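One-letter residues, chain by chain:
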Amino acid sequence: MATRKTSFALSGIGFLLTVTMVLSGHAQSTSGFKFNNLTVSPFVNLEYSYDSNVDYDKNDSADSILTINPGVDLTYRGNDWGLDGKAWYGYDKYQKYDELDQARYGESLRFFAESPRGLRFLLGQNYIKTHQDDSILDGGRGIWRERDLHEITSALSYQISERSAVTLNGMYSDLSYKNDGNQFGSLYGWREWSLGMEVARKLTAKSNLLLNGSYQVYDSDGAEGIDSNSTGYTLMAGFGSRATERISYRALMGASWFDYAEGDQLTGWVYSLDANWIINPKLVWSVAGSSYFQPSERESNQAMQVYVLSTGLSYRPAKRLTTRLDVGMRREENEYSVGNQGAVTSDKFSARIRADYRLQKYVSLYGSVMYEEQISDDKVDEFDRIRGVLGLNFRY
């Protein structure tokens, strides 16, 4: 998700953290090695997976995968500031298609600070190198291919008065795919820079009026014989929650203008939605969605509009057991552009059920089953898939 997506993604991450803390019964700070204000929490995941379609095609390509995934979480808290960090490594061993055996790794770091006068600052960075599917249920694009992604995000907010606040945000993203013409069709990454501003005005004791504007610049790898640079402008308005304990929401709608390859201007309605409802201490419901323009990752010399919507329900029937059901969809409408013969529309649907059970203080058992299906105007891009996971998490 980019900055017109990023500013909303940050709030969405906050919603997910709230859900996790409420349902787990304790925050992460209760575990790990503690050195004054520093907490170090190492972990290892051992996992068995069954995937009915590792090649994402219509042929029989089922396989079993063994995974080891060690990592460490770091937390430091100072006076009105803090640091959160994570580093991890994973290796996947395929039983049948051993040519897919591969390592993956990543790291992230976030710094935040605030002052008594209402000034807040956030700076984050993350890098990931992976070949795994980035599930649309986790905010990804649902694309399976080896890739590198590096992102830098920032936000600065100020409480102007008791009724008004303003937030400035910026983001840089570099996405690169590994392409092998002998095995797959090409995928195209990009570099993106974006800036945004949001103004919040108190309406009632529990609601804010939100006005948001952003500007994006893309440099796409998918441009052939045309300008690789594209620019976009987005304006939205909506409402957000204020000072609520059980219900949090942000709902905005507006328009976006996207000058693809500095020539073809695309215009469309866009939206952003994040909501979280703590129904009771055991049950939490959440929903997230967005729409935006970007260069196409699948078609050269094309731009596309994306529509995303997902919802999840978390339930904790017992002290040691947490369950969750997620359902999501992603629609990609490729727009016609000079140098290409037409446009393709793809719809991806996904559903997942997961359960986590704490066996002991430092050991948890988890399992999940996920179903995915993609429907496209291009029949080559259609597939369905079932993936089951069973794993052990060791965390100190």
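Before reading on, note that the structure itself is shown above.
Residues numbered from 1 in each chain as written. Predicted model: local features only at pLDDT ≥ 70, side-chain atom pairs only at ≥ 80, totals over all residues. Heavy atoms only, no water.

(A) Region of interest: the overall build of the chain. If you tally the helices and strands in the chain, you get one helix and 19 strands. Sorting the 396 residues of the chain into buried and exposed places 46% on the buried side. Long-range contacts, defined as pairs at least 24 residues apart, comprise 57% of the intrachain contacts of the chain with a sequence gap of at least 6. A total of about 19700 Å² of accessible surface is found on the chain, and carbon and sulfur atoms cover 59% of it. (Helix = DSSP H or I, 4+ residues; strand = E, 2+ residues; numbered from the N terminus. Buried < 20%, exposed > 50% of the residue type's maximum accessible area, 1.4 Å probe, protein only. Contact = heavy atoms within 4.5 Å. Areas by Shrake-Rupley, 256 points an atom, 1.4 Å probe, with all protein chains shown as cover.)

(B) Region of the structure containing the side chain of Asp73. Inspection of the secondary structure puts Asp73 in strand E3 (residues 63-77). A polar side-chain atom of Asp73 sits 2.9 Å from a polar atom in the side chain of Arg395. (Polar contact = N/O pair within 3.5 Å; in protein donor to acceptor, adjacent residues only side chain to side chain.)

(C) Summary view of the pairing of strand E19 (residues 383-395). Relative to E19, strand E2 (residues 38-51) runs antiparallel, the two being bridged by nine bridges. Within E19, the residue paired with Asn45 across the bridge is Asn393. Here strand E18 (residues 363-376) pairs with E19 via twelve bridges, running antiparallel. Paired with Val369 across the bridge in E19 is Gly388. (Pairing = 2+ DSSP bridges.)

(D) Quick look at the side chain of Thr345. Within the secondary structure layout, Thr345 lies in strand E17 (residues 345-358). With sequence-adjacent residues up to four places away left out, Thr345 is seen in contact with Arg331, Glu332, Glu333, Ile375, Ser376 and Asp377.

(E) Molecular detail of the nonpolar core. Formed by 13 residues in total, the largest nonpolar core has its most connected members in Leu175, Tyr177, Phe258, Tyr260, Leu266 and Ala303. Grouped together as the second largest cluster of nonpolar side chains are eight residues, Tyr56, Ile65, Tyr94 and Phe383 included. (Core = buried A, V, L, I, M, F, W, Y, C linked by side-chain atoms within 4.5 Å.)

(F) Examining the environment of Asp264 more closely. Along the chain, Asp264 turns up in strand E13 (residues 264-280). In this structure the C-alpha to C-alpha distance between Asp264 and Gln302, which are 38 residues apart in sequence, comes to 9.7 Å.

(G) Region of interest: the packing of aromatic side chains. Counted by the stated rule, this structure contains eleven aromatic pairs. Judged by centre distance (5.5 Å) and plane angle (50 degrees), the ring pair of Tyr172 and Trp193 falls under tilted. Separated by 21 residues along the polypeptide, Tyr172 in strand E8 (residues 164-177) and Trp193 in strand E9 (residues 190-204) bring together distant segments of the chain. Between Phe258 and Phe293, the ring centres sit 6.1 Å apart and the planes meet at 5 degrees, which makes this aromatic pair stacked. (Phe/Tyr/Trp six-rings, centres within 6.5 Å; stacked < 30°, edge-to-face > 60°.)

(H) Structural view of the pattern of salt bridges. Counted according to the given criterion, the structure contains 29 salt bridges. Note that Arg385 and Glu372 form a salt bridge whose closest N and O atoms lie 2.8 Å from each other. Placement of Arg385 in strand E19 and of Glu372 in strand E18 is noted, with a sequence separation of 13 residues between them. The pair Arg385 / Glu372 is uniform in exposure class, with both members buried. Each of Asp51, Glu372, Arg385 and Arg387 takes part in a single network of salt bridges with overlapping partners. (Salt bridge = Lys/Arg side-chain N within 4 Å of Asp/Glu carboxyl O.)

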